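# Examination of the molecular architecture
Below are the chains, spelled out letter by letter.
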Amino acid sequence: RHGAVKNEDTFKTSPFHFDLWFYFTLQNWVLDFGRPIAMIILPLEWFPLNKPSAGDYFHMAYNVITPFLLLKLIERSPKTLPRSMVYVSIIMFVMGASIHLVGDSVNHRLIFSGYQHHLSVRENPIIKNLKPETLIDSFELLYYYDEYLGHSMWYIPFFLILFIYFTGCFTPVEEESRMPVPALLLMGPSSLYYWYLVTEGQIFILYIFTFFAMMALVMHQKRKGLVLDSNGLFLFYSFIITLVLIAVWVVWLWDDKILRKKYPGVIYIPEPWAFYTLHVNNLHAAKESL
């Protein structure tokens, strides 16, 4: 039966999946974080504004490779996990990432026309003067598909799959509850990427609920005499370091009045690309004008 936990695999353990975690971290950095960087660095004449950019092709590769790696990760779980939920989550993930591909492609191309990510759609100089004004509604719809619908359908199943995998990362053997050196080396890049994912994707609530669920599961399993194996420790500690990085990021930009205006409310977590267009990009423009 799909989704049933077999008695014979209850106490199975698995070694640290260095190959999968390495590929996972590498493609996250190159194909996700590297998307907008490739678009900005590569000459514009190679990828005209009315054609897909280099970052779009990175995004297409990400949409294919990431679901494959997530499925391979689930396959290596020492427990039989609910496959129907995994498959539905993968389908939703691909749909959400594909919606995001379109919206993000247009939004990032607008940078070349002067669009500023630290401002809202209606406050952007290149948007607020559009005629007829109904065009502004269309750009707000595009922003909604990119930042809200696309992110929700992308990140909710992503974190759900990670949590489903995490539920199978427990062992009764204390000696197996330690991380090898390769895991320690990967933890920094992995945590830094999750920081980027949470801040740029504006998904702190989803992330923190997933982290709390992990903590609750760890405490529950501990009462049963079970501890995290090396893969579970890698994922759990990566999330802890991510939380520390987010706290440092928020404290650093706490008094930024412009970013405060774009991100009002109790939860204030600025996007890295909003910080870039506000401070780094403007700094470059000032140097070029000298």
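Computed from a predicted structure; not experimentally measured.

The next point concerns the UniProt feature "transmembrane region" (unreviewed entry) in the protein chain. Here, UniProt's "transmembrane region" (unreviewed entry) annotation points to residues 20–42, 57–74, 86–103, 154–173, 203–220 and 232–254. The annotated region residues 232–254 carries 91% helix and 0% strand content, and the separation between its end C-alpha atoms amounts to 33 Å.

Attention now moves to the packing of aromatic side chains. With the rule as written, the count across this model stands at 36 aromatic pairs. The interplanar angle of 45° and the centroid separation of 6.1 Å between the aromatic rings of F204 and Y207 together place this pair among those described as tilted. With a gap of three residues between them, F204 and Y207 both fall in helix 7 (residues 204–223), about one helical turn apart. Of the two residues, F204 and Y207, neither departs from the other in class, the shared state being buried. Ring plane angle 70° and centroid distance 4.9 Å describe the contact between W273 and Y276, whose orientation is recorded as edge-to-face.

Located in the positive-phi region is Q202, a residue other than glycine, with phi close to 55°. Within the secondary structure, Q202 is located in the loop between helix 6 (181–201) and helix 7.

This brings us to the environment of L206. Within the fold, L206 resides in helix 7. With relative accessibility at 23%, the residue L206 sits in the partly exposed group. Separated by 119 residues in the primary sequence, L206 and Y87 place their C-alpha atoms 20 Å from one another. Look past the residues within four positions of L206 in its chain and what remains in contact with it is Y155, I156 and F159.

As a further point, take a nonpolar patch on the surface. A cluster of nonpolar residues, F18, F22, Y23, L26 and V30, forms a patch on the protein surface that exposes about 440 Å² of accessible area. Judged by its relative accessible area of 43%, L26 is partly exposed.

Structurally, the position occupied by S53 is in the loop between helix 1 (18–41) and helix 2 (54–75). Residue classification places S53 among the buried positions, given a relative accessible area of 2%. The contact partners of S53, leaving out residues within four places of it in the chain, are M39, F47 and R109.

The next thing to look at is the pattern of salt bridges. A pair can form between side chains of opposite charge whenever their charged atoms are brought close. Inspection of every chain in the model, using the stated rule, returns seven salt bridges. Residues D19 and R76 are paired through a salt bridge, measuring 2.8 Å at the closest nitrogen-oxygen approach. Of this pair, D19 sits in helix 1 while R76 sits in the loop between helix 2 and helix 3 (83–109), and the two are 57 residues apart along the sequence. When its relative accessible area of 30% is taken as the criterion, D19 is described as partly exposed. Judged by its relative accessible area of 32%, R76 falls in the partly exposed class. A salt bridge links E75 to K72; the nearest nitrogen and oxygen atoms lie 3.2 Å apart. Of the two residues, E75 and K72 both sit in helix 2, three residues apart, roughly one turn of that helix. Here the salt bridges share partners, and the residues they tie into one network are D32, R35 and D104.

Calculation criteria
Residues numbered from 1 in each chain as written. Predicted model: local features only at pLDDT ≥ 70, side-chain atom pairs only at ≥ 80, totals over all residues. Heavy atoms only, no water. UniProt positions renumbered as here; feature names shortened; annotations may be inferred. Helix = DSSP H or I, 4+ residues; strand = E, 2+ residues; numbered from the N terminus. Phe/Tyr/Trp six-rings, centres within 6.5 Å; stacked < 30°, edge-to-face > 60°. Buried < 20%, exposed > 50% of the residue type's maximum accessible area, 1.4 Å probe, protein only. Contact = heavy atoms within 4.5 Å. Patch = residues over 30% accessible without salt bridge, like charges linked within 9 Å, V, L, I, M, F, W, Y side chains within 5 Å. Areas by Shrake-Rupley, 256 points an atom, 1.4 Å probe, with all protein chains shown as cover. Salt bridge = Lys/Arg side-chain N within 4 Å of Asp/Glu carboxyl O.

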